[in-house]
Amino acid sequence: MLSISNLTFHYKNQPLFNNISMELAAGEFAFLIGKSGSGKTTLLQLIYMNILPESGTITVGDFDSSIIKKNQLAMLRRKIGIVFQDFKLLSDRNVYDNLAFVLEVTNTPKKEIKRKVNDALAEVGLSHKRLNMPNQLSGGEKQRVAIARAILNNPLIILADEPTGNLDPETSYEILELLMKINKRGTAILFATHNYELVKRNPGTRIFKIENGNLIKGVLKQSV
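On a predicted model such as this, the values are computed, not experimentally measured, just so you know.

Asks: Can you explain the sheet that holds strand β4 (residues 55-60)? Please cite residues and give values.
Replies: Read across the open sheet, the four strands follow the order β2-β1-β4-β5; overall the sheet is antiparallel. Either end of the sheet is taken by a strand with one partner, and the two such strands are β2 (14-24) and β5 (63-64).

Following this line, the structure appears as structure tokens:
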């Protein structure tokens with residue numbers, strides 16, 4: 001479902017990734033770990049093709065970075081849900097309208113918008129907050145809204161970029177558990193984090209570790 005083959009990428013003329021490869025199966029959950037500044041966010045941007053590799057290829061479903069055209073990027077990104085550390089909610093719209101906006105820009109019929117938004121809010125346990133403004137929400141609630149936004153289009157994969165970076169430990173565990181629940185319903189998830197305490201709670205989960213421009217693959221046992 002996601003495949004990276006022999007990818008090389010430089011950032012500000014410095015090598016960031018050196019001929020790395022990885023695969024993520026449909027419906028799989030995996031952690032992407034590494035120190036701050038190691039390139040986790042950049043790799044996620046490469047996956048949703050906000051930037052393109054200098055060499056090598058990335059494929060997501062039927063989309064291939066080596067041949068994708070600009071007019072296909074919007075379609076690709078409907079297949080990918082993205083959850084950011086800083087939520088990226090629109091401050092001038094309530095929770096419902098933040099989600100509806102994503103569907104309005106793709107000319108989704110109003111009846112379908114209502115159904116999808118209500119279903120997504122129910123999934124993350126925030127139906128009762130649908131009319132609240134973002135500034136009336138806690139950090140954990142904001143991240144739940146961001147997750148609801150990410151699942152609106154039933155994506156193939158969710159890319160979670162340090163989604164617990166601004167949250168306290170207890171809320172961080174709740175967000176991880178929510179994403180794992182969504183994963184069990186069939187959505188692949190790549191969870192980028194430098195919070196190894198979160199990772200350690202999930203032995204048996206596959207990990208990809210960025211270190212010195214390389215991608216080290218493994219399965220977590222007791223520690224990272």
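Asks: Just give me the short version of the packing of helix α3 (residues 95-104) against helix α4 (residues 110-123), but keep the residues and values in it.
Replies: When two helices pack together, you describe them by how their axes are tilted relative to each other and by the distance separating the axes. Axis separation between α3 and α4 bottoms out at 10 Å; the angle between their running directions is 130°. As the angle between them shows, α3 and α4 are arranged oblique. Crossing hand, α3 versus α4: right-handed. Residues V95, Y96, L99, A100, L103 and E104 of α3 form the contact with α4, whose own contacting residues are I113, K114, K116, V117, N118, A120 and L121. Each residue belonging to the contact of α3 with α4 can be placed in one class, and the counts come to nine nonpolar, one polar and three charged.

Asks: Go over helix α6 (residues 169-184) with me, naming the residues and quoting the values.
Replies: Note on helix geometry: an α-helix contains 3.6 residues per turn, so any two residues three or four positions apart are oriented the same way. Taking 1.5 Å per residue as the helical rise, α6 with its 16 residues ought to reach 22 Å, and the 23 Å between its terminal C-alpha atoms agrees with that figure. Taken together, the buried positions of α6 are occupied by T171, S172, I175, L176, L178, L179, M180, I182 and N183. For α6, the secondary structure elements touched by its buried residues are β3 (29-33), α4, α5 (139-151), β7 (157-161), β8 (188-193) and α7 (196-200). Directly after α6, the chain includes G186, whose backbone phi takes a positive value near 115°.

Quick notes on the rules
- Residue positions are counted from 1 within each chain, in the order its sequence is given.
- In keeping with the predicted nature of the model, local features appear solely for residues at pLDDT of at least 70, side-chain atom pairs appear and are counted solely at 80 or more, and the whole-chain, interface and lining totals rest on all residues.
- Computation of side-chain values covers all heavy atoms of the structure but excludes hydrogens and water.
- Pairing between strands is defined by DSSP: at least two bridges between them are needed.
- Helix numbers and strand numbers start at the N terminus; a helix is a DSSP run of H or I with at least 4 residues, a strand a run of E with at least 2.
- Axis lines are fitted through C-alpha atoms, for helices just across the contact stretch, and the angle between N-to-C directions can take any value from 0 to 180 degrees.
- The labels follow the angle: roughly parallel below 35 degrees, roughly antiparallel above 145, roughly perpendicular from 65 to 115, and oblique for the rest.
- Left-handed describes a crossing whose near helix is turned anticlockwise from the far helix through less than a right angle; right-handed describes the clockwise counterpart.
- Contact criterion: two residues are considered in contact whenever any of their non-hydrogen atoms come within 4.5 Å of each other.
- Charged residues are taken to be Asp, Glu, Lys and Arg, nonpolar residues to be Ala, Val, Leu, Ile, Met, Phe, Trp, Tyr, Cys and Pro, and polar residues to be all remaining types, Gly included.
- Expected span of a helix, by definition, is 1.5 Å for each gap between consecutive residues, and there is one gap fewer than residues.
- Only protein chains enter the area calculation, which uses a 1.4 Å probe; residues under 20% of their type maximum are buried, those over 50% are exposed, and those in between are partly exposed.

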